[in-house]
Amino acid sequence: MKATEKLIAAIDKKLERFNPLWQAEHGVGGFRSRYYDKTGVAKYREWRGVKDTFYDYTQWLNNLLSMVQMVASAPVPCLKGFWEYRWMGSYLGTFMFIDRLFEGYRGTELRIAHMNMHAIVQSLTKRIAFALKNDKRLGGGPDSDKIVPMDEVIPGLIMKGFKGLTGFPLQTLPEFIICDVDQHIEPYYIDVAESFGLPADVCSRCAAETGVALDDAFPIFGKAFLTTNMPCNASEATSMFQRRRVALPDYAVTLAMQHTEPEALPYSRAVLEEMIAFVEKEYGVKYDWNELFKYAALLNEQNTIELEKWDFFKTPYSPLSGIAESLYKLYEWQSVNGQDPYFNKVDRKVIEIMRKAYEDKYIPFGGKTRHRAFLWGPSAVYYTDFPTWVQNC
């Protein structure tokens with residue numbers, strides 16, 4: 001074992017001049033020198049040393065496997081999807097996108113980051129295959145009428161009470177997630193909305209969603225559609241255009257926005273009860289509260305672990321940081337919302353690594369980080385790998 005370690009150390013020393021971190025420290029290049037000028041296209045993979053480069057490559061293969069499984073599970077619908085929907089082509093940039101997200105990551109930080117990212121990749125690829133396989137624009141499928149299309153900001157957990165039905169956040173695939181991967185896709189859909197005669201919207205996300213609807217770029221399935229006023233007034237206007245274009249019976253889940261008002265909770269509860277009754281009527285099913293509580297326990301565990309992560313974030317010893325945390329939590333909380341036990345498994349593994357790192361007083365990124373940055377931005381204009389850029393400065 002010691003001989004192997006010595007060999008690896010010797011190889012790392014010999015090839016250190018190809019390591020962009022070493023290059024940056026010695027003034028002979030860095031991360032940008034790996035790219036063709038004025039593009040996001042890399043000339044070669046990042047050299048991270050023998051161990052980390054090998055691990056990074058295995059994770060690339062792991063994500064590739066998820067992509068292959070997606071196409072294999074629905075080859076004809078996937079091919080039709082690339083032909084029908086502009087946003088489908090943007091998902092081809094996923095591999096380069098992940099490479100950019102984790103530039104400069106080494107050791108424990110790299111391993112945690114890939115655990116989180118692969119959870120998103122395997123979940124999204126399954127969703128894409130499921131959506132295209134049952135998309136009525138592409139011919140429909142066996143579960144087309146068992147899907148409840150819904151606005152993505154309605155907590156998906158509540159749909160788990162409908163055994164046999166699948167709640168599907170309609171905007172997630174063509175707008176909410178893809179704009180993180182490809183920032184060039186959103187201006188097209190915003191332009192579609194404004195070319196239709198609508199005024200420019202203060203929220204780029206809502207404008208893009210409206211453009212997706214007007215461009216007929218939403219997959220179509222289900223017997224009824226759930227819209228909402230959340231999270232803002234712009235979203236309420238967007239819902240109006242979507243409901244007209246999707247053209248299904250719909251129920252507007254108009255929840256109280258002022259959560260501290262005395263009447264807010266009773267009002268919102270009544271709206272959710274009406275929503276459940278609406279779905280029961282349209283789909284001919286009965287709500288199962290025991291099934292809901294089973295998945296609510298998963299969400300509670302995810303939130304409990306997340307709060308513990310925040311305690312570690314307060315210290316200098318957290319190997320989970322930057323976009324590896326924020327993008328994962330955004331997807332887990334917004335889109336998964338307790339519905340997929342795989343994310344609980346990932347959370348348990350990650351928190352164990354974080355506990356160990358804290359016990360060992362492990363300082364991430366070689367102890368060279370100097371700043372903390374708190375970032376916010378609507379999805380349609382968010383520069384996803386900006387946190388990584390900040391970390392590498």
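The model shown is predicted, which means the values in this text are computed figures rather than measured ones. (Residues numbered from 1 in each chain as written. Predicted model: local features only at pLDDT ≥ 70, side-chain atom pairs only at ≥ 80, totals over all residues. Heavy atoms only, no water.)

### Focus: helix H7 (residues 107-133)
Residues separated by three or four positions in an α-helix point in the same direction, a consequence of the helix having 3.6 residues per turn. Threshold: Each helix is a run of DSSP H or I of at least 4 residues and each strand a run of E of at least 2, with the numbering of both proceeding from the N terminus. What a helix should span is 1.5 Å times the count of its residues minus one. Each residue's exposure class comes from its accessible area (1.4 Å probe, protein chains only) as a fraction of the maximum for that residue type: buried when under 20%, exposed when over 50%, partly exposed otherwise.
The end-to-end C-alpha distance of H7 is 39 Å, a good match for the 39 Å that 27 residues give at a rise of 1.5 Å each. Within H7, 20 of the 27 residues are buried, which leaves it mostly tucked inside the rest of the structure.

### Overview of empty space enclosed by the protein
The line we're drawing: Both cavities and pockets are sets of points on a 1 Å grid over the protein atoms alone; in a cavity a 1.4 Å probe fits but cannot get out, in a pocket the set is open with protein on both sides within 12 Å along at least five of seven lines, and lining residues sit with an atom within 4 Å of a point. Grid points are joined across faces, edges and corners, and a volume is the space filled by probe spheres set on the points. Charged residues are taken to be Asp, Glu, Lys and Arg, nonpolar residues to be Ala, Val, Leu, Ile, Met, Phe, Trp, Tyr, Cys and Pro, and polar residues to be all remaining types, Gly included.
Enumeration over the complete set of coordinates arrives at four cavities of 30 Å³ or more. Within this model, the largest cavity holds a volume of roughly 180 Å³. Considering only residue class, the lining of the largest cavity consists of 13 nonpolar, two polar and one charged. Computed from the structure, the second largest cavity encloses a volume of approximately 60 Å³. Taken together, Arg 127, Met 150, Glu 152, Ile 154, Gly 156, Gly 167, Pro 169, Gln 334, Ser 335 and Gln 339 make up the lining of the second largest cavity. If you list the elements that add at least two residues to the lining of the second largest cavity, you get strand S2 (166-169) and helix H15 (323-336). Among the residues forming the lining of the second largest cavity, the class breakdown is three nonpolar, five polar and two charged.

### Thoughts on the confidence of the model for the protein
In plain terms, the rule: The predictor attaches a confidence to each residue, called pLDDT, with possible values from 0 through 100.
Mean pLDDT over the protein works out to 90, with 98% of the residues at or above the 70 mark. In the model of the protein, helix H12 (residues 233-246) stands out as the element of lowest mean pLDDT, 78, in contrast to helix H16 (residues 341-359), which has the highest, 97.

### Digging into the packing of helix H10 (residues 186-195) against helix H11 (residues 204-214)
Here is the rule we go by: Only the stretch in contact is used when a helix axis is fitted, and all axes are lines through C-alpha atoms; the angle between N-to-C directions ranges over 0 to 180 degrees. Orientation labels follow simple angle bins: below 35 degrees gives roughly parallel, above 145 gives roughly antiparallel, 65 to 115 gives roughly perpendicular, and whatever is left gives oblique. Whether two residues are in contact is decided by their heavy atoms: any pair within 4.5 Å suffices.
Contact geometry of H10 with H11 gives a least axis separation of 7 Å together with a crossing angle of 70 degrees. If you check the angle between H10 and H11, you find them roughly perpendicular. Across the interface between the two elements, Glu 186, Tyr 189, Ile 190, Val 192 and Ala 193 from H10 touch Ser 204, Ala 207, Ala 208, Thr 210, Gly 211, Val 212 and Leu 214 from H11. Grouping the amino acids of the contact of H10 with H11 by side-chain chemistry returns eight nonpolar, three polar and one charged.

### Here we look at the packing of aromatic side chains
Stated precisely, the cut-off is as follows: Only Phe, Tyr and Trp rings take part, Trp by its six-membered ring, and two of them pair if their centres are within 6.5 Å. Stacked means planes under 30 degrees apart, edge-to-face means over 60, and tilted covers everything else. Only Lys NZ and Arg CZ are tested; either one counts as a charge over a ring when it is within 6 Å of the ring centre and within 35 degrees of the ring normal.
On inspection of all chains with the given rule, the structure shows 19 aromatic pairs. Relative to Trp 87, the ring of Tyr 85 has its centre 5.1 Å away and its plane inclined at 15 degrees; by these criteria the two rings are stacked. With respect to class, Tyr 85 is no different from Trp 87; both count as buried. In this arrangement the basic side chain of Lys 43 is found over the ring face of Tyr 36, its NZ or CZ atom lying 5.9 Å from the centre. Sitting above the plane of the Tyr 55 ring, Arg 111 keeps its charged end 4.4 Å from the centroid.

### Quick look at the nonpolar core
Selection rule: Nonpolar cores were defined as sets of buried Ala, Val, Leu, Ile, Met, Phe, Trp, Tyr and Cys residues, with membership established by side-chain atoms within 4.5 Å.
Counting 63 residues, the largest nonpolar core has Trp 87, Phe 102, Met 117, Leu 173 and Met 354 as the members making the most contacts within it. A total of 12 residues in this core trace back to one element, the largest contributor, which is H7. Beyond its immediate sequence surroundings of up to four residues, Phe 102 is in contact with Glu 46, Arg 48, Leu 110, Ala 113, His 114, Met 117, Ile 323 and Ala 324. Counting 27 residues, the second-largest nonpolar core is a separate cluster that includes Leu 226, Leu 255, Tyr 295 and Leu 299.

### A word on H15
Burial analysis of H15 places 11 of its 14 residues in the buried class, the great majority of the element. For H15, the set of buried residues is Ile 323, Ala 324, Glu 325, Leu 327, Tyr 328, Lys 329, Tyr 331, Glu 332, Gln 334, Ser 335 and Val 336. At the exit of H15 stands Asn 337, carrying a positive phi of roughly 50 degrees.

### Considering unusual backbone geometry
We note that Asn 337 has phi near 50 degrees; this positive angle belongs to a residue other than glycine. Structurally, the position occupied by Asn 337 is in the loop between H15 and H16. With phi around 55 degrees, Phe 365 is a residue other than glycine that occupies positive phi space. With respect to the helices and strands, the residue Phe 365 is situated in the loop between H16 and helix H17 (386-392). Looking at Phe 365, the relative accessible area reads 17%, which means it is buried.

### A few points about the side chain of Asn 63
To keep things clear, this is the line we draw: Here a polar contact is recorded for every N or O atom pair within 3.5 Å, except that within protein the pair must consist of a potential hydrogen donor and a potential acceptor, and residues adjacent in sequence are included only if both atoms are side-chain atoms.
Relative to the elements of secondary structure, Asn 63 occurs in helix H3 (residues 50-73). Residue Asn 63 is classed as buried on the basis of its relative accessible area, which comes to 3%. Among the polar contacts listed, one links the side chain of Asn 63 to the side chain of His 118, at a separation of 2.8 Å. Once you skip the residues sitting within four places of it in the chain, Asn 63 turns out to touch Phe 95, Ile 98, His 118 and Val 121.

### Considering the side chain of Thr 227
Here Thr 227 shows up in strand S3 (residues 225-228). Since its relative accessible area comes to 1%, Thr 227 is described here as buried.

### Here we look at the environment of Cys 232
As for its placement among the helices and strands, Cys 232 is situated in the loop between S3 and H12. Exposure remark for Cys 232: the relative accessible area of 24% places this residue in the partly exposed category. With 26 residues separating them along the chain, Cys 232 and Cys 206 place their C-alpha atoms 9.4 Å apart. Those residues within four positions of Cys 232 in sequence are excluded, and the remaining contacts are Cys 206 and Met 257.

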